[in-house]
Amino acid sequence: MLKHIDQISEQAFLLDFGSEINIKVSKYVIAYSNFILKEAEKNKSLGILNCVPSYNKILIQFNPTDNIKKKIKEFLLSTSKKKILFNENNQIVEIPICYDDDFALDIEDIASRTNFSKSEIIEIHLNTNFYVYMIGFMPGLPFMGNLNKNLFIPRKLSPRIEVPAGSVAIVDNLCVIYPFASPGGWNIIGRTPQMIFNKNINDPNLLRAGFKVKFKKISKQQ
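Caption draft 1: Region of interest: the packing of helix H3 (residues 107-114) against helix H4 (residues 118-126). For the pair H3 and H4, the least separation of the axes is 9 Å and the interaxial angle reads 95°. Taken as axis vectors, H3 and H4 run roughly perpendicular relative to one another. Contacts from Ile107, Glu108, Ile110, Ala111 and Thr114 in H3 reach Lys118, Ile121 and Ile122 in H4. For the contact of H3 with H4, the residue count by class is 5 nonpolar, 1 polar and 2 charged.

Caption draft 2: Layout of the nonpolar core. With 28 residues, the main nonpolar core has Met144, Ile170, Val213 and Phe215 as its most contacted residues. At the level of elements, strand S5 (92-97), H3, H4, strand S6 (130-135), strand S9 (167-171), strand S10 (174-177) and strand S13 (212-217) are the ones that each hand at least two residues to this core. When residues of this core are assigned to their parent elements, the largest contribution, 4 residues, is made by H4. Setting aside anything within four residues of it in sequence, one finds Met144 in contact with Phe130, Tyr131, Val132, Tyr133, Asn173, Leu174, Cys175, Val176, Ile177, Val213 and Phe215.

Caption draft 3: Expanded view of the pairing of strand S3 (residues 48-53). Bridge count for S3 against strand S4 (residues 57-62) is 5 bridges, and the pairing is antiparallel. Bridging from a neighbouring strand, Pro53 pairs with Ile58 of S4. Where S3 hands over to S4, the hairpin turn is made up of 3 residues, counted between the paired strands.

Reading the values: rules and limits
- Residues numbered from 1 in each chain as written.
- Predicted model: local features only at pLDDT ≥ 70, side-chain atom pairs only at ≥ 80, totals over all residues.
- Heavy atoms only, no water.
- Axes fitted to C-alpha atoms, helices over the stretch in contact; angles between N-to-C directions.
- Helix = DSSP H or I, 4+ residues; strand = E, 2+ residues; numbered from the N terminus.
- Parallel < 35°, antiparallel > 145°, perpendicular 65-115°, else oblique.
- Contact = heavy atoms within 4.5 Å.
- Nonpolar A, V, L, I, M, F, W, Y, C, P; charged D, E, K, R; others polar.
- Core = buried A, V, L, I, M, F, W, Y, C linked by side-chain atoms within 4.5 Å.
- Buried < 20%, exposed > 50% of the residue type's maximum accessible area, 1.4 Å probe, protein only.
- Pairing = 2+ DSSP bridges.

As structure tokens, this is what we get:
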């Protein structure tokens, strides 16, 4: 499934697995990335410093020397011919969410765009089994797919200067959770008190690529 390898800087390769965004491709990319990380840990002489999967790409960072570049390319080309094992993570992470108007800042707009009531929007969102495609944009932020097509809406024309931390937002078939306050143009459907990224622990990310997520409704008081 590996289409080609591009060197995008003096210390990074980009592995391209095509343009499709779907769970089958994502699972292969994650498995491939995990394999590379394990081999890099076992064989430090490879010089691979980091390996980051996205929807259909993998970014590999390395020590920028000519010998290292050649060695990594040979390793990657040989890896693409091997059988990559899928160790699927069936764990479902439950995330609390409050849809109160004080937190669901765009739910009225979502309702007008989709012709669903607020209660119908909430029910659709709660009944969705989300799949984490990747972590990106900022530390810990999960891009989650599988949103019901009835809630597909585009980005806001005017992004907010500051989206509150914990905001849960949607665009097209995706859903994200903002770990920190930041600018953003997604449509905010609710907010969670759950900490998504904690830099003070060894494994700072609550979620990883390949995880499954289910939201659980809580009250404003909770």
